[in-house]
Amino acid sequence: MTNSPSLLDRVPVIPVVVVDDLGDAVPVARALVAGGIPMIELTLRTPCALDAIKAIATEVPEICVGAGTIVEPVQAAQAADAGAQFLVSPGSTETLLKAMTDTGLPHLPGAATVSEVLFLLEHGYRELKFFPAEASGGAKFLGSIHSPVPAARFCPTGGISTSNVGDYLSLPNVGCVGGSWLTPADAVKQQDWDRISGLAREAAALAR
Ligand SMILES: O=C(O)C(=O)C[C@H](O)[C@H](O)COP(=O)(O)O
């Protein structure tokens, strides 16, 4: 297991980014850095995602680039080879945990139930992704499990935006949240990098 170094205490919001066009990857990363968010999670949901990680790792060294949507063990090593500095999975299996651990990279395994949280604590993890956050009970769920399971800290992701991010960041067991709202698909399509920087600036200013 590897949560070390911590992934939850770097930025209030980890931008979860889907890149359809490889050419957008570097400008998006630069826009986030300009807005004060030097961290980006590229989802491995599009064919160019690994190349996007590689481009960002090479051309934007000031950002911490990671790979999200790790759902098959082989993707962990592929992401590491592309230059990912952290890994995120939406759920957790023994083989997925082993593959992510084998890379030596810090990673956030996903959990959505108390039993899954306990499973990951048993494996030594203290930082988890809570996914899909809103659909799985949201801030109310996380607030409810803090007393019985105080060792677990979370990056909730899924359904979070400016309207509910404060509910999560005010919880003692939340270090940061993940979300796609900093990089809206229409802004990327229009190459409106200033808009992305502005959204990042607002996110960077959120209190934890
Ligand atoms: O691909 C993954 O591994 C995921 O975790 C899914 C994403 O985190 C969510 O789709 C982002 O959620 P939204 O902010 O609601 O768009």
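The protein chain has the name 2-dehydro-3-deoxy-phosphogluconate aldolase in an unreviewed UniProt entry, where Rhodococcus pseudokoreensis is given as its organism. The UniProt entry for the protein chain carries the following comment under Catalytic activity (unreviewed entry): "2-dehydro-3-deoxy-6-phospho-D-gluconate = D-glyceraldehyde 3-phosphate + pyruvate".

Let us look at the overall build of the protein chain. Counting secondary structure elements, the protein chain contains nine helices and nine strands. Relative to the compact-globule value of 17 Å for 208 residues, the protein chain shows a C-alpha radius of gyration of 16 Å, a close match. Across its three principal directions, the C-alpha atoms of the protein chain cover 45 × 35 × 25 Å. Scored against the burial criterion, the 208 residues of the protein chain give a buried share of 52%. Restricting the contact set of the protein chain to residue pairs at least 6 apart, pairs at least 24 apart contribute 62%. Surface exposure of the protein chain reaches about 8700 Å², of which carbon and sulfur atoms provide 54%.

Attention now moves to the packing of helix 2 (residues 49–59) against helix 3 (residues 73–82). The angle between the axes and the distance between the axes are what describe a pair of packed helices. Where helix 2 meets helix 3, the closest approach of the two axes is 8 Å, and the angle between their N-to-C directions is 30°. With respect to each other, helix 2 and helix 3 are oriented roughly parallel. Contacts from Leu 50, Ile 53, Lys 54 and Ala 57 in helix 2 reach Gln 78, Ala 79 and Ala 82 in helix 3. The class makeup of the residues in the contact of helix 2 with helix 3 is five nonpolar, one polar and one charged.

Okay, the site of the ligand next. As a matter of local geometry, the ligand sits amid Val 16, Thr 43, Arg 45, Thr 69, Lys 129, Phe 131, Thr 157, Gly 158, Gly 159, Gly 179 and Ser 180. Within the side chain of Arg 45, a nitrogen or oxygen atom sits 3.1 Å from an oxygen atom of the ligand. Ser 180 is positioned with one of its side-chain polar atoms (N or O) 2.6 Å from an oxygen atom of the ligand. In the complex, the protein chains occlude 81% of the 400 Å² of accessible area that the ligand would expose alone. In terms of residue class, the shell around the ligand is made up of two nonpolar, seven polar and two charged.

A few words on the nonpolar core. Core analysis: the biggest nonpolar cluster contains 75 residues, and Leu 32, Ile 40, Ile 56, Leu 87, Val 117, Leu 142 and Val 177 have the highest contact counts within it. Here this core takes six residues from helix 1 (residues 25–34), the largest share from any one element. When neighbours within four sequence positions are excluded, Leu 142 is seen to be in contact with Phe 130, Phe 154, Pro 156, Tyr 168, Leu 171, Asn 173 and Val 174.

Calculation rules
Residues numbered from 1 in each chain as written. Predicted model: local features only at pLDDT ≥ 70, side-chain atom pairs only at ≥ 80, totals over all residues. Heavy atoms only, no water. UniProt positions renumbered as here; feature names shortened; annotations may be inferred. Helix = DSSP H or I, 4+ residues; strand = E, 2+ residues; numbered from the N terminus. Rg over C-alpha atoms; globule rule 2.2 N^0.38 Å. Buried < 20%, exposed > 50% of the residue type's maximum accessible area, 1.4 Å probe, protein only. Contact = heavy atoms within 4.5 Å. Areas by Shrake-Rupley, 256 points an atom, 1.4 Å probe, with all protein chains shown as cover. Axes fitted to C-alpha atoms, helices over the stretch in contact; angles between N-to-C directions. Parallel < 35°, antiparallel > 145°, perpendicular 65-115°, else oblique. Nonpolar A, V, L, I, M, F, W, Y, C, P; charged D, E, K, R; others polar. Near = heavy atom within 4 Å. Polar contact = N/O pair within 3.5 Å; in protein donor to acceptor, adjacent residues only side chain to side chain. Core = buried A, V, L, I, M, F, W, Y, C linked by side-chain atoms within 4.5 Å.

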